[in-house]
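Observations on the model geometry
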Amino acid sequence: MPETGLGMARTVSKTITISPPNLGRTGFLALEQEMLGASAPSCRNWLLQRFEEGHQVRMLRPPGRGFIEFAPGRVSWRAINGADQCVVVQCLHADGPQSATDLLQTAEDWARYFDFAAVMVVAGAHRCLPSPEAVIAAGYSVVGETAGGVSLYGKILQGPVPLPALPQNWRARWAALGPGLVVQCAARSPERLDFAHDLVARGKTLGLPARVDLIETAAAARKGLATPVSPFSVVLNGDCLDDGQLSDFQIWQAVRQRAAAASR
């Protein structure tokens, strides 16, 4: 009789697909907080809304440590222009180059299945971004650059395709936020949003006009984010003081020092 397949080795995926039914059982939120610190964990309801839009999350099976989030360009929360035909990596954190490659492979497989033309990743020397070395090792090439040593990397899956681009108008975006202290933040992390409101309240004690600029949709993020690296930023009188790199204490010190200098 022919082989039935019983007893044959089965390949186990290196990643776990995070979805609404298993979000609370996989340990994803704990891993996210461990790897991201103050900018995590995500609000469960915020993530559930993103899943409805097509947002995808994968995490490595233990003993691997890492996760990737990616989304079609039309619902991406990254400030990238012209990425509608692409899948855009929203977040990538991994414990090494091979883990990063494995995670990026899941985005590529998903993109091919749904007939997208390319996968795009923003990378650079910033704690919110994957390193250029990791994405280059996974076969990605630079397709564009912007201020602060931030680059857009891509892997073309089928083409030809018009290449997306990073915005270059960051100072104009800062100025568009208006005078005073503006803390830009998405509602993804309740902790970061609470800090944003607290910073605004403290800024007002210094006599500064101050407000939170809440980014509520992917379209608003693509159009108005003040930084290519993070949905959190602090802008004072049209100048970006922090793009998600500083500690909360360092941010407050920077605000105080800048406010004191302006009052002299």
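Everything discussed here concerns the structure shown above.
Residues numbered from 1 in each chain as written. Predicted model: local features only at pLDDT ≥ 70, side-chain atom pairs only at ≥ 80, totals over all residues. Heavy atoms only, no water.

1. Comments concerning the pattern of salt bridges
Quick reminder of the rule: By convention in these notes, a salt bridge is any Lys or Arg side-chain nitrogen within 4 Å of a carboxyl oxygen on Asp or Glu. Helix and strand labels come from DSSP, where a helix needs a run of H or I of at least four residues and a strand needs a run of E of at least two; each type is numbered from the N terminus. Whether a residue is buried, partly exposed or exposed follows from its accessible area with a 1.4 Å probe, protein chains only, as a fraction of its type maximum: under 20%, in between, or over 50%, in that order.
Applying the stated criterion across every chain yields a total of 11 salt bridges. Glutamate 34 is paired through a salt bridge with arginine 65; the nearest N and O atoms lie 2.8 Å apart. In this pair, glutamate 34 sits in helix α1 (residues 28-36) while arginine 65 sits in the loop between β2 (56-60) and β3 (66-72), placing the two residues 31 residues apart along the sequence. Exposure remark for arginine 65: the relative accessible area of 30% places this residue in the partly exposed category. Taking the shortest distance from any N to any O, the salt bridge between arginine 50 and glutamate 53 comes out at 3.0 Å. With arginine 50 and glutamate 53 both in helix α2 (residues 44-53) and 3 residues apart, this pair spans about one turn of that helix.

2. Some thoughts on the pairing of strand β6 (residues 141-146)
One face of the sheet, then the other: side chains in a regular strand alternate in exactly this way. Selection criterion: Pairing between strands is defined by DSSP: at least two bridges between the two strands are required.
One ladder, built from 5 bridges, connects β6 with strand β7 (residues 150-156); its direction is antiparallel. Across the sheet, residue glycine 144 finds its bridge partner in β7, namely leucine 152. Where β6 folds back onto β7 in an antiparallel hairpin, the turn is made up of 3 residues, including glycine 148, whose phi is positive at roughly 75°.

3. Considering unusual backbone geometry
A cis amide bond links proline 62 to the next residue, proline 63, at an omega of 10°. Along the chain, the position of proline 63 falls in the loop between β2 and β3. Omega for the peptide link from glycine 159 to proline 160 comes to 0°, which places this bond in the cis form. Here proline 160 lies in the loop between β7 and α5 (170-176). With a phi close to 65°, aspartate 115 is a non-glycine residue in the positive phi region. Its location among the elements puts aspartate 115 in the loop between α3 (97-113) and β5 (118-123). Taking the relative accessible area as the measure of exposure, aspartate 115 reaches 55% and is therefore exposed. Positive phi, close to 50°, is recorded for asparagine 237, a residue that is not glycine. As for its position among the elements, asparagine 237 is in the loop between β10 (233-236) and β11 (239-242).

4. A few points about helix α8 (residues 248-263)
We apply this condition: Expected span, for any helix, means 1.5 Å times one less than how many residues it has. Think of the arc as the fan of directions from the helix axis to the C-beta atoms. When checking whether two residues touch, look at their non-hydrogen atoms; a contact exists if any pair is within 4.5 Å.
With 16 residues, α8 extends 23 Å from end C-alpha to end C-alpha; this agrees with the ideal 22 Å at 1.5 Å per step. Among all positions of α8, only Ile251, Trp252, Val255 and Ala259 are buried. Burial along α8 is one-sided: seen end-on, the buried residues are contained in an arc of 95°. Facing away from the buried side of α8 by more than 90 degrees, the exposed set consists of Phe249 and Gln257. Residues of α8 that are buried make contact with β8 (181-186), α6 (190-205), β10 and β11.

5. Comments concerning the packing of aromatic side chains
Here is the rule: Two rings from Phe, Tyr or Trp (for Trp, the six-membered ring) form a pair when their centres are within 6.5 Å of each other. A pair whose planes differ by under 30 degrees is stacked, one over 60 is edge-to-face, and the rest are tilted. Here, over-ring charges are defined by two tests on the NZ atom of lysine or the CZ atom of arginine: distance to the ring centre within 6 Å, and angle to the ring normal within 35 degrees.
This structure, assessed with the given rule, holds 7 aromatic pairs. Judged by centre distance (4.7 Å) and plane angle (45°), the ring pair of tryptophan 110 and phenylalanine 114 falls under tilted. By relative accessible area, which is 15% here, tryptophan 110 ends up buried. We classify phenylalanine 114 as partly exposed; its relative accessible area is 44%. An aromatic cluster is built from Phe70, Trp110, Tyr113, Phe114 and Phe116, whose rings are joined through pairwise contacts. Over the face of the ring belonging to phenylalanine 232 we find arginine 192, whose NZ or CZ atom lies 4.4 Å from the ring centre. Above the face of the tryptophan 252 ring, arginine 202 is positioned so that its terminal group lies 4.7 Å from the ring centre.

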